[in-house]
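Structural overview
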Amino acid sequence: MTNKINIAIDGYSSCGKSTLAKAIAKNLNYIYIDSGAMYRTVAYYALEHGYVQSDGVIDEQMLVESLHLILIQFKYNSDTQEIETFLNGNCVDKEIRSMQVSAHVSAISAIKAVREKLVRIQQRMGENGGVVMDGRDIGTVVLPTAELKVFMTADVEVRAQRRFLQLKNNGVDISIDDVRENITQRDFQDTTRAADPLLKAWDAIILDNSNLTEEEQFSFLMVQARKAIEIKTLV
Ligand code: DC
């Protein structure tokens, strides 16, 4: 039996979930899975195939009927030392972070059939333990038996600032108001949708990182992870 635990990290948009999850996975030699990238990939596919109209209305039937044609893979790039997301064999890592995808991904992720497909894949990825997965429903739906669950939150202004700087560094021309608007909109959609809304699992630890550095968050979570691993070793 493996002593490897699963770690579920859920929370609001642009809270720094993936930065923290990646660092923890690297330290423990676990696999990091960015479940948001999977929803982003489906949103990108829908946009590319014209299933999202200019007014934002989604052709749900066409998308759902095409779901079996969507193959999502994560591959490690040894040059950048980053995990990249592939759609049907093509790297879409950059494309799925565009503002256009960000604007439609919450609506795409609210479609039940999309969730069912992705949740099934994510559960398979976690069945042997040793996974750090971040998203919105990991602790509640995808990996409800994860040994460590974290619910991340931060002040919306802090999140908007962080995301704005990140986009600016990536050469994206956008105003802070547009970034804030997108975050607020996604928070609303992610928490109010009918299918698997963003919720804190009853047994999740809350991590409000409004005033914490990345190092402080990392240290906090590593302590929790080591405790959870020790408990797993004992039982
Ligand atoms: O983590 P992110 O911002 O890249 O996620 C993009 C969107 O995907 C987010 O607005 C909500 C959705 N999502 C989801 O519904 N369930 C998940 N487990 C992960 C992301």
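For the structure, check the block above.
This section reports on the structure supplied with the text. Per chain, the residues get numbers from 1 upward, laid out in the order the sequence is written. Under the rules for a predicted model, residues below a pLDDT of 70 receive no local features and side-chain atom pairs below 80 are neither given nor counted, while totals for whole chains, interfaces and linings still include all residues. For the side-chain quantities, the full set of heavy atoms in the structure was used; hydrogens and water were omitted.

Overview of empty space enclosed by the protein
Within this scheme a cavity is a closed region of a 1 Å grid, computed over the protein atoms alone, that accommodates a 1.4 Å probe without allowing it to escape, whereas a pocket is open but has protein on both sides within 12 Å along at least five of seven lines; lining residues each have an atom within 4 Å of a point. Grid points are joined across faces, edges and corners, and a volume is the space filled by probe spheres set on the points. All told, the structure shown has one cavity of 30 Å³ or more when counted by the stated rule. Its boundaries defined by the atoms lining it, the largest cavity holds a volume of some 40 Å³. Around the largest cavity, the lining residues are Ala8, Asp10, Gly139, Lys149, Val150, Phe151, Leu199, Lys200, Ala201 and Ala204. When residues of the lining of the largest cavity are traced back to their parent elements, those giving at least two are strand E1 (6-11) and strand E7 (148-153). Where helices and strands are cited, they refer to DSSP runs of H or I of at least four residues and of E of at least two residues respectively, numbered from the N terminus. With three residues, the single largest contributor to the lining of the largest cavity is E7.

Description of the packing of aromatic side chains
To describe a pair of aromatic rings, you give the distance between the ring centres and the angle between the ring planes. Centres within 6.5 Å are what make two rings of Phe, Tyr or Trp a pair, Trp counting through its six-membered ring; a difference in plane orientation under 30 degrees is then read as stacked, over 60 as edge-to-face, and the rest as tilted. Tallied over the full model, the rule gives two aromatic pairs. Ring geometry for tyrosine 12 and phenylalanine 151: centres 5.8 Å apart, planes at 80°, overall edge-to-face. Taken together, the residues tyrosine 12 in the loop between E1 and helix H1 (17-28) and phenylalanine 151 in strand E7 connect sequence positions 139 residues apart. Three exposure classes are used, based on accessible area relative to the maximum for each residue type with a 1.4 Å probe and protein chains only: buried under 20%, partly exposed in between, and exposed over 50%. Its relative accessible area of 8% is what places phenylalanine 151 among the buried residues. Here the basic side chain of lysine 75 rests over the ring of phenylalanine 86, its NZ or CZ set 4.4 Å away from the ring centre. Whether a charge lies above a ring is judged from NZ of Lys or CZ of Arg, which has to be within 6 Å of the ring centre and within 35 degrees of the ring normal.

Quick notes on the site of the ligand
Whether a residue is near a molecule or strand depends on its heavy atoms: if one lies within 4 Å, it is near. As a structural note, the neighbourhood of the ligand is formed by 15 residues, with Arg40, Arg115, Asp137, Arg186 and Arg193 the closest of them. Serine 35 is positioned such that a nitrogen or oxygen atom in its side chain is 3.0 Å from a nitrogen atom of the ligand. Interatomic distance of 2.8 Å between a side-chain N/O atom of arginine 186 and an oxygen atom of the ligand. The Shrake-Rupley method, run with a 1.4 Å probe sphere, supplies the accessible areas, and residue values consider only the shown protein chains as cover. Contact with the protein chains covers 95% of the free accessible surface of the ligand, which is 450 Å². Mapped onto the shell around the ligand, the elements with two or more residues apiece are helix H2 (35-48), helix H4 (99-109) and helix H8 (176-192). Broken down by element, the residue count for the shell around the ligand peaks at four residues, all from H2. Each residue gets one label: Ala, Val, Leu, Ile, Met, Phe, Trp, Tyr, Cys and Pro are nonpolar, Asp, Glu, Lys and Arg are charged, and the others, such as Gly, are polar. Per-class residue counts for the shell around the ligand are three nonpolar, five polar and seven charged. Any pair of nitrogen or oxygen atoms within 3.5 Å is treated as a polar contact; in protein, a donor-acceptor pairing is required on top of that, and neighbouring residues in sequence qualify only through side-chain atoms on both sides.

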